[in-house]
Amino acid sequence: TRITKEFGCKIPLICPGMSWISTPELVAAVSNAGGLGILATGPLDGEETRKSIQRIRELAPGKPFGVGATLLMPGAKENAKVALDENVPVINVSLGKADWIASAAHDYGGKVLATVTNAVHAKSALEGGADALMVTGHEAAAHGGDVTSLVLIPSIASRFPEVPLVAAGGFADGRGLSAALALGADGIAMGSRFATTLESPLPLHVKTSISNPHLDGGATESDTIYSKNFDGIPARVMKSATSIKANAKPTPIPVVIYRAIEAARKMNIPLWKAIGGLMTEWEKMYIIAQFGAATTAIQSATVDGDLDKGVQFIGQTMGLINDVPSVDELCKKIIREAKITSRETACQFDSNLFSDSSHDSTNQNYGN
């Protein structure tokens, strides 16, 4: 597809950068399997990012990989500079102006993949030099948009037909890959699915909780919550007593102000600038404050495996996950399923019901 050509991978499967999950080992496993793994740098400082990049190259020599940069968050710009200094093949940017990253990456032949949730963001990202878009629908774990992938993917594909697209949100198997290609995407990102593989560092208890298919006590596509009350950005998490409480109501304004000032202090931002930001850029400061406060709960689930105290990001694809395979096994299975699904779907149109004249007419109407 255009994505495999753009990024130099063999199969159009992407592992997005998930904090505490997309480690060098998982990233390398995906790239070795023919896909594109993206390192999560949110929990890392500059030196840790550099060591992680070098580790990926040791584990997957010569294979393409990426590094994530959520530019709104503390330390993201510094980590992005490290990735550029290391000539990382793909930089995945989100929540920030990334033209300087695109310019620097293009100087050494790197590519920029911008994560977007709507057409306005897509246009801005492309104007900033993005080479491809990761279009994230409502079904996604963590920070998906308001529109479902079924509508968002073809809409973006129609508006920007020359741009390679990665579909994210709702994709976890070969049927999803086949559907995404039919909708106009050139590949899929599968955070929740790759998080529940053998190479993922997600605790086994969490993996088995996600992949339990039984309707009585298991996990289904309905067992998630979507709200902005948890970390400041509309996010999807696994449903639990803790996550229900965390998302029940907005955080009181005095608490948000305190958290924002604390976050600014950790980022070495002067107090007067923090107060000014609260007055002029409330939404941005709110996100920073809430995201920082949510970190402990996320780590409790994602790192410690404590789903009673912690909150786990997960997509609606939880209802499609019922095993914990190796990355290589998963990728092979998905490509095999996608081929079968695409052929079976195409066969349904091999009928005398569809004459050449009616087919041509349909194409003309569709083009209009």
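Refer to the structure above for everything that follows.
Predicted model only: the values in this text are computed from it and were never measured.

Q: I tried to follow the overall build of the protein on my own but got confused; where do I start?
A: A tally of regular secondary structure across the protein gives 16 helices and 10 strands. Taking the intrachain contacts of the protein between residues at least 6 apart in sequence as the baseline, contacts between residues at least 24 apart amount to 60%. Accessible area for the protein stands at about 17600 Å²; split by element, carbon and sulfur atoms hold 55% of it.

Q: How should helix H4 (residues 76–85) be read in this particular structure?
A: For an α-helix the count is 3.6 residues per turn, leaving residues at separations of three or four pointing the same way. Listed in full, the buried residues belonging to H4 are Ala76, Asn79, Ala80, Val82, Ala83 and Leu84. Against helix H3 (46–59), strand S3 (65–70), strand S4 (90–94) and helix H5 (99–107) lie the buried residues of H4. Two residues or fewer after H4 comes Asn87, characterised by a positive phi angle close to 55°.

Q: Hey, could you run me through the nonpolar core in this one?
A: Nonpolar side chains in soluble globular proteins generally cluster together in the buried interior. By size, the foremost hydrophobic cluster in this structure holds 68 residues, and its most contacted members are Leu13, Ile101, Leu133 and Phe194. Setting aside residues up to four positions removed in sequence, Ile101 forms contacts with Leu71, Ala80, Leu84, Ile91, Val93 and Val112. Listed in part, the 13 residues of the second largest apolar core include Leu36, Ala132, Met134 and Ala168.

Q: Would you take a moment to explain the environment of Thr345 for this structure?
A: Its place among the elements puts Thr345 in helix H15 (residues 327–347). Residue class for Thr345 comes out partly exposed when judged on its relative accessible area of 35%. Looking at Thr345, its side chain comes within polar contact range of the main-chain oxygen of Thr341, at 2.8 Å.

Q: Got a minute to help me understand H5 in this structure?
A: Within H5, the full set of buried residues consists of Ile101, Ala102 and Ala105. An end-on view of H5 places all buried positions within 100° of arc, on one side of the element. Two residues or fewer past H5, Gly109 is found with a positive phi of approximately 90°.

Parameters and conventions
- Residues numbered from 1 in each chain as written.
- Predicted model: local features only at pLDDT ≥ 70, side-chain atom pairs only at ≥ 80, totals over all residues.
- Heavy atoms only, no water.
- Helix = DSSP H or I, 4+ residues; strand = E, 2+ residues; numbered from the N terminus.
- Contact = heavy atoms within 4.5 Å.
- Areas by Shrake-Rupley, 256 points an atom, 1.4 Å probe, with all protein chains shown as cover.
- Buried < 20%, exposed > 50% of the residue type's maximum accessible area, 1.4 Å probe, protein only.
- Core = buried A, V, L, I, M, F, W, Y, C linked by side-chain atoms within 4.5 Å.
- Polar contact = N/O pair within 3.5 Å; in protein donor to acceptor, adjacent residues only side chain to side chain.
- Arc of directions from axis to C-beta.

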